[in-house]
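# Coordinates in review
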Amino acid sequence: NWLALIPAAGFALLWIVADRLGVMEGRQLMAMGIVESLFFGVLGWPIYRAMIAPLLYLYFLIPFGGFLTPALQSFTTKFTAFGLNLLDIPNLVTGNTIEISAGVFYIAQACAGLRFLIAAIAFSVLYALLIFRSPWRRLLFIGLSLFVPVIANGFRALGIVWLGHALGSAKAAATDHVLYGYIFFSIVLGLLILLGLPFRQDQNPQTATHRVDARPAVPLWGLLLPMLAVVLLGASGPLLIARTNSAAAAETLYPPPALAGCTLSSTRTLASVRRQGGIMQRLKCDGGSIRTVLVFLPPQSDPGTVFDARRHLSGQDLNEADVSSLHLPGPGLRDWQMVVAGKQPRMTLSALFIDGHPAAGNLMTRIHEAWHSVAGGGYAQLAIIVSARGGGQETELRLVRFIRKEEFTTPALARLTRGVVTQAPETASNSAG
């Protein structure tokens, strides 16, 4: 069916948009859409429609929903605190940390219930397709599976904290919390199964609802041509982006001089996953008590690269990392992200400076960066990461005093990022020396 070229072209265009915005899930969703268009083009509409349920089920291959983690963490924390209040157990809640007399519990990203939720939804869709025939029953059961796992995960977290209170030791209760999660998840799935059984519609064999009329055999070229056309459309997006990325990799960046009051620890070139060159400076500041990392990337770099560098170097990828935002009024960078992670806490503040201006890291930043990556510009993309040992208010105040220095104002950073692109090699080496 040559009509498959229409959705394939749309998915290819949206793939380019998702890539330029640095949204990995969007790229994967569009890639699966191109695969679905391939099935549609080769099989034709009657057969594709008859097989639409298992074919669309392939979308569960995509790891999706990471953006829900902070909201799920917050809900689980509030649900647990509410339950503790009902049980009359004294507690103190700070962010996603819950403290009782038996010890301290932290609602980590892995405990937010996202995996629990996705697995339950995938199971409920499969169950609804096999057990029910009515679209309304299927939708109602799938909709129910959206709420039950979230509430159930709240009860799971509450149960572990209550167990710590009963045992008098938070450590003892948290030792086997992963095993408790598996058991509790199995119980919840069993309850969903039992809930759907009274309304089942699979007792009688399902009659064919989609009739496929007999047709003359299609010659091999009749199958290969639509397949080739969809594949070429799907490949057009990555080929176009590869050309843009190669242009970014061809740009040469020259190391800027170290910030005033800082000692240059190391300077090295970067080769990101998508082979885009860059420079990373590691600095020791304020007598070595503060560590500063500056990541410079070419103006036409992939938008996701600077976000990935910031996320990795700021410690967001670590388990039990507490992430929050910090807004500072004034002439310098206003929007910072704060991460506190590690057994010996290290507090990290990070910010972005894109196209000669501070960037908040939101959707508008991604849109602006996407345009910057296509049109180019005279300023390097910059990720700033400053960190220090400790996680208390004293450490935060020390870091805030440091980032309010003249070197982090917009004019100073604009000169710095422009110099990285335009400096001659001789000047750069003399300045760094």
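Keep in mind the model is a prediction, meaning the values are calculated, not measured.

Conventions used here
- Residues numbered from 1 in each chain as written.
- Predicted model: local features only at pLDDT ≥ 70, side-chain atom pairs only at ≥ 80, totals over all residues.
- Heavy atoms only, no water.
- Axes fitted to C-alpha atoms, helices over the stretch in contact; angles between N-to-C directions.
- Helix = DSSP H or I, 4+ residues; strand = E, 2+ residues; numbered from the N terminus.
- Parallel < 35°, antiparallel > 145°, perpendicular 65-115°, else oblique.
- Contact = heavy atoms within 4.5 Å.
- Nonpolar A, V, L, I, M, F, W, Y, C, P; charged D, E, K, R; others polar.
- Core = buried A, V, L, I, M, F, W, Y, C linked by side-chain atoms within 4.5 Å.
- Buried < 20%, exposed > 50% of the residue type's maximum accessible area, 1.4 Å probe, protein only.
- pLDDT = per-residue confidence, 0-100.
- Pairing = 2+ DSSP bridges.

Attention now moves to the packing of helix H11 (residues 303-313) against helix H12 (residues 363-375). Relative placement of two packed helices is described by the angle separating their axes and the distance separating the axes. Taken N-terminus to C-terminus, the directions of H11 and H12 make an angle of 130 degrees; their axes are 8 Å apart at the nearest point. One way to sum up the angle between H11 and H12 is to call them oblique. Across from Pro 303, Val 306 and Phe 307 in H11, the residues of H12 making contact are Thr 365, Arg 366, Glu 369, Ala 370 and Ser 373. Each residue belonging to the contact of H11 with H12 can be placed in one class, and the counts come to four nonpolar, two polar and two charged.

The next thing to look at is the nonpolar core. Core analysis: the largest hydrophobic core is formed by 32 residues, its most contacted members being Leu 294, Phe 296, Trp 336, Leu 349, Ile 384, Val 386 and Phe 402. Of all elements in the fold, only strand S5 (277-285), strand S6 (290-297), strand S8 (335-341), strand S9 (346-354), strand S11 (381-389), helix H13 (393-403) and helix H14 (410-422) reach the threshold of two or more residues within this core. Excluding residues that lie within four positions of it along the chain, Phe 402 makes contacts with Cys 262, Cys 285, Asp 286, Ile 290, Thr 292, Val 386 and Phe 408.

Bringing the confidence of the model for the protein into the picture now. Confidence in the prediction for the protein averages 81 pLDDT; 88% of positions are at 70 or higher. Looking over the protein, one finds the lowest element-wise mean pLDDT in helix H15 (residues 425-432), namely 42, and the highest in helix H4 (residues 52-56), namely 92.

A sheet is described by the order of its strands in space; here three strands give the open sequence S1-S2-S3, paired in antiparallel fashion. The open sheet has two edge strands with one neighbour each: strand S1 (92-94) and strand S3 (103-106). The average angle at which neighbouring strand axes cross in this sheet is 20 degrees, direction not considered. As paired strands, S1 and strand S2 (residues 97-100) are joined by three bridges and run antiparallel to one another. Residue pairing across strands places Leu 92 opposite Glu 99, the latter belonging to S2.

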